[in-house]
Amino acid sequence: MTKYPSIPTYHALGDKGALLEQTVNFDGEVILTEKVDGTNSRIILLPDGNFVLGSREELLFAKGDLIGNPALGIVDALKKIADSLPQSQNGIAVTYLELYGGKITGASKQYTSQQTVGWRLFDVAVLTDIETLFAQPIKQLAAWRDRGGQVFLDEMQLTQASKEYGFALTPRIATVTSLPVTIQETHEFLKTMLPQTNVALDVGARGQAEGIVARTTSRSAMPAAVRGATIAKLRFEDYERHSKRRG
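About the thresholds
Residues numbered from 1 in each chain as written. Predicted model: local features only at pLDDT ≥ 70, side-chain atom pairs only at ≥ 80, totals over all residues. Heavy atoms only, no water. Helix = DSSP H or I, 4+ residues; strand = E, 2+ residues; numbered from the N terminus. Buried < 20%, exposed > 50% of the residue type's maximum accessible area, 1.4 Å probe, protein only. Polar contact = N/O pair within 3.5 Å; in protein donor to acceptor, adjacent residues only side chain to side chain. Contact = heavy atoms within 4.5 Å. Core = buried A, V, L, I, M, F, W, Y, C linked by side-chain atoms within 4.5 Å.

Asks: Which residues make up the side chain of Arg215, and what values do they have?
Replies: Along the chain, the position of Arg215 falls in strand 10 (residues 211-216). Here Arg215 falls in the buried class, since its relative accessible area comes to 4%. A distance of 3.1 Å separates a polar side-chain atom of Arg215 from the backbone oxygen of Phe122. Of note is the side chain of Arg215, whose polar atom sits 3.2 Å from the side chain of Asp123. Ignoring anything within four residues of it in the chain, the contact list for Arg215 reads Phe26, Glu29, Val30, Ile31, Thr33, Phe122, Asp123, Thr230 and Ile231.

Asks: Break down the nonpolar core for me, citing the residues and quoting the values.
Replies: Within the largest apolar cluster, 25 residues are counted, with the highest numbers of intra-cluster contacts made by Ile43, Leu53, Leu78, Tyr165 and Phe167. Elements with a minimum of two residues in this core: strand 4 (39-45), strand 5 (51-55), strand 6 (59-62), helix 1 (74-84), strand 7 (92-101), strand 8 (117-127) and helix 4 (155-165). The element best represented in this core is helix 1, accounting for 6 residues. Not counting the four nearest positions on each side in its chain, Ile43 is found in contact with Val52, Leu53, Leu78, Ala82, Leu85, Ala93, Val94, Thr95, Leu97 and Phe167.

So, in C-alpha cells, the structure goes:
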C-alpha cells in the first residue's frame, strides 16, 4: 500500500538496457529535480501517533520496537527523526526520503569522503479510506499502486510539508515546458542542467550526479491515473552506456 511505485526511464529501455527513441510524454510544465543515488526510505505516519520505517521493499521498524532490522542503516538514521514528526491528521501520511552517503551504495563517494549520511525528501503520499484499502488482497493493492492509485502532494503542498517536517527537498533544478526528444539531445541536456551534484555532504565528495527526475506539476488530491500526472527519470548511466554502444 505504501511502497513507492517504480519510476519509468524517460527513454524506454530495450534489450540489455539499450535506450529506445520512445519517450514518456509530458503535458504542461515539468519540474526537474536531482535524482540522488541512495536508498529509497519511507516513514509511515499513522493517525494514532505511531510510525513505521521501511525501505522501498520492506517494513523495518515500528515505534516502540526494541529490535529493528538494520538493513541499509535506515532505522539508525531515521528513528529519532520519525519520533519527532507530527502525527498524520488525515489517514496515513507517507514521507519518501532518499537516504544517501555513508556506505549505502557504490555511489556514496560521490556525496561524501567521510561516510557522512544525509537524506532528502522527494515525495509525500496521503492515503485515506484506509479500511477499504486494508480489506483488499495484496495483489489487488499492488495493481492499484502501479496504476497510480496513491495520492501524492503537489509541488506547493510538498514544499509546505518539507518545512513542517524539517526535511530538505531534493534540489529543484528548473521548471520547463518541454524536454528534448532524441537520445543525444537528452544526454547533452542532462550534462548542461546537472554538471555536478547539488547535495554533496562534504568538500571531499567526488560530486558526480546520478541524474534528473522529471515530473508534471499537476499532482493534486486525485490518483495519478485520473489526473494524468507523469513522472520519469533521466540517468547519466543510461545515456553514457547508450553512447558507448553506438561508438
